[in-house]
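The residues making up each chain are set out below.
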Amino acid sequence: MTTDTPEVLSCKGLRKRFDDVTAVDDVSFTIAAGETYGLLGPNGAGKTTIISMVAGILRPDAGDVLVEGVPVSTRTTEPKGRIGYVPQELAVYPDLTGRENLTFFARLQGLSRVAAARRVAHVLGVVGLTDRADDRAEHYSGGMRRRLHIGMGLLHEPILLVLDEPTAGVDPQSRNAIMDNIRELAHSGLAILYTTHYMEEAERLCDRVGVIDAGRLVAEGTRRELVALLGERDRISLSVDGDLGHAEDVARLVPAVLGVAARGRGLELLVHDARQCLPAVLSALAEEDVRVRAVEVDEPNLETVFLHLTGRALRG
Ligand SMILES: Nc1ncnc2c1ncn2[C@@H]1O[C@H](COP(=O)(O)OP(=O)(O)O)[C@@H](O)[C@H]1O
Ligand SMILES: [Mg+2]
């Protein structure tokens, strides 16, 4: 961490038990300004419990949450004012318009009528709802309602935005709009804490990912770093006709191939970079008259990382 990117959020040793369930078990991580950090894990992993403690609405059994070095607790208000918290379910008044909903919350936060109007107009633009601002929220799609939620979290100009699975249950197009919003907010310098059980989202959106399983942070890093835990190996699966042993011998001699195994009626090759070495593999086989019927490339992703670390699929 350099001095130009001070930590906005620092969590240290967070723990939380509910009766006999250890929901969060010694979780520590930091987020810098402009950084998007994703907590990735299956349902029940402890994501909501972690961010409820970050947002200061749930008291940890142990550990600290610091926002710009100031401790957050369920009893303090000052550091919490720096956090925009967007829970999964939020009260939107269906018979108020988007603008009226936001204005209501802005006024609750103590903004004057004029300041609220100005801030609401700005936030509507940020979340892409200006065109529909004066429609009643009951006519909004699920995705638009989620963006209205995000808008509510932005009204008081937080430095940290905390989002709990903001794309759960919305259609793919709205999902993309929400992700674009979040990316732009990060570009504007906000620190973002994002939870998801979708590994594609974590890969696309997050600078760093914390993999959560059964309350524990089992690994953390950029996608590259996490994938490197697996030794950064891509897999090429080839279906071949004829003598498998011969094909195996040929494939083994291609310099970029790290390992070869016969699998069913084909070969499985371990390589560093599948796309780069595939042409060499295919031409070597062609030269030796090995007919390849199908090729499948499998690059390790966060799903693979999760499986590797926990022995379970992310969505199971
Ligand atoms: N208020 C609560 N009382 C009892 N158990 C809870 C409570 N909230 C969460 N849990 C349990 O804690 C674990 C983590 O839940 P949660 O943080 O909601 O996970 P996630 O958000 O990753 O789906 C689960 O086993 C869940 O059943
Ligand atoms: Mg949750």
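Residues numbered from 1 in each chain as written. Chains lettered and ligands numbered in written order. Predicted model: local features only at pLDDT ≥ 70, side-chain atom pairs only at ≥ 80, totals over all residues. Heavy atoms only, no water.

- Per an unreviewed UniProt entry, the recorded name for the protein chain is ABC transporter ATP-binding protein, and the organism is Umezawaea endophytica.

1. A closer look at the overall build of the protein chain
- Tallying secondary structure elements over the protein chain gives ten helices and 14 strands in all.
- Its C-alpha atoms give the protein chain principal-axis dimensions of about 80 × 45 × 40 Å.
- Within the protein chain, the proportion of its 316 residues that are buried is 47%.
- Once local pairs closer than 6 in sequence are excluded, the contacts in the protein chain between residues at least 24 apart make up 67%.
- Of the accessible surface of the protein chain, which amounts to about 15500 Å², a share of 49% is contributed by carbon and sulfur atoms.
- If the 36 positive side-chain charges of the protein chain are averaged to one point and the 46 negative ones to another, these points end up 6 Å apart. (Helix = DSSP H or I, 4+ residues; strand = E, 2+ residues; numbered from the N terminus. Buried < 20%, exposed > 50% of the residue type's maximum accessible area, 1.4 Å probe, protein only. Contact = heavy atoms within 4.5 Å. Areas by Shrake-Rupley, 256 points an atom, 1.4 Å probe, with all protein chains shown as cover. Lys, Arg positive; Asp, Glu negative; His and termini not counted. Charge placed at Lys NZ, Arg CZ, Asp CG, Glu CD.)

2. A few points about the packing of aromatic side chains
- Taken as a whole and judged by the stated rule, the model has three aromatic pairs.
- Look at F29 and Y37: their rings are 4.8 Å apart centre to centre, the planes differ by 10°, and that puts the pair in the stacked class. No difference in accessibility class separates F29 from Y37, as the two residues are buried.
- Feature note: the residues Y93, F104 and F105 constitute an aromatic cluster, connected by ring pairs.
- Note that R175 overlies the ring of Y198, its terminal NZ or CZ placed 4.3 Å from the centroid. (Phe/Tyr/Trp six-rings, centres within 6.5 Å; stacked < 30°, edge-to-face > 60°. Lys NZ or Arg CZ within 6 Å of the ring centre and 35° of its normal.)

3. Quick word on the sheet that holds strand β5 (residues 70-71)
- Ordered by their spatial adjacency, four strands build an open sheet running β2-β1-β4-β5, and the pairing between neighbours is antiparallel. Each of the sheet's edge strands pairs with one partner strand only, and the pair in question is β2 (21-32) and β5.
- Of the strand pairs in this sheet, strand β4 (residues 62-67) and β5 are connected by two bridges, and their pairing is antiparallel. Opposite V67, over in β5, you have V70 as the bridge partner. (Pairing = 2+ DSSP bridges.)

4. Considerations on the domain arrangement of the protein chain
- Once the domains are mapped, the protein chain shows domain 1 (7-227) and domain 2 (234-299).
- A separation of 45 Å is found between the C-alpha centroids of domain 1 and domain 2. (Domains from an automatic or database assignment.)

5. A closer look at helix α1 (residues 47-54)
- Among the eight residues of α1, seven are classified as buried, and the element is accordingly described as predominantly covered.
- When α1 is considered as a whole, its buried residues turn out to be K47, T49, I50, I51, S52, M53 and V54.
- Downstream of α1 by one or two residues, G56 has phi in the positive range, about 80°.

6. Overview of the site of ligand 1
- Taken together, F18, V21, A23, P42, N43, G44, A45, G46, K47, T48 and T49 are the residues near ligand 1.
- One nitrogen or oxygen atom from the main chain of G44 is found 2.6 Å from an oxygen atom belonging to ligand 1.
- Side-chain polar atom of K47 to an oxygen atom of ligand 1: 2.8 Å apart, as the coordinates give it.
- With the chains in place, 59% of the 560 Å² that ligand 1 exposes on its own is no longer accessible.
- Sort the elements by how many residues they give to the shell around ligand 1 and α1 lands first, with three residues.
- When the residues that make up the shell around ligand 1 are grouped by side-chain class, the tally is five nonpolar, five polar and one charged. (Near = heavy atom within 4 Å. Polar contact = N/O pair within 3.5 Å; in protein donor to acceptor, adjacent residues only side chain to side chain. Nonpolar A, V, L, I, M, F, W, Y, C, P; charged D, E, K, R; others polar.)

7. Points about unusual backbone geometry
- Of note in this structure, D26 is not a glycine but carries a positive phi near 60°.
- You can call D26 partly exposed: its relative accessible area is 38%.
- Located in the positive-phi region is E165, a residue other than glycine, with phi close to 45°.
- Residue E165 is classed as buried on the basis of its relative accessible area of 8%.

8. A word on the pattern of salt bridges
- This model, assessed by the stated rule, comprises 22 salt bridges.
- For K47, the salt bridge goes to E165, with nearest N and O atoms at 3.6 Å. Within this pair, whereas K47 is found in helix α1, its partner E165 is found in the loop between β7 (160-164) and α5 (172-187), the two being separated by 118 residues in sequence. Like K47, the residue E165 is buried in the burial classification.
- For E157, the salt bridge identified is with R119, shortest N-O distance 4.0 Å. Taken together, the positions of E157 in the loop between α4 (142-154) and β7 and R119 in helix α3 (residues 113-126) put the pair 38 residues apart, joining distant regions of the chain.
- Accessibility expressed as a relative area gives 54% for E157, which makes it exposed.
- Here the salt bridges do not stand alone but share partners, grouping R15, D25, D26 and R216 into one network. (Salt bridge = Lys/Arg side-chain N within 4 Å of Asp/Glu carboxyl O.)

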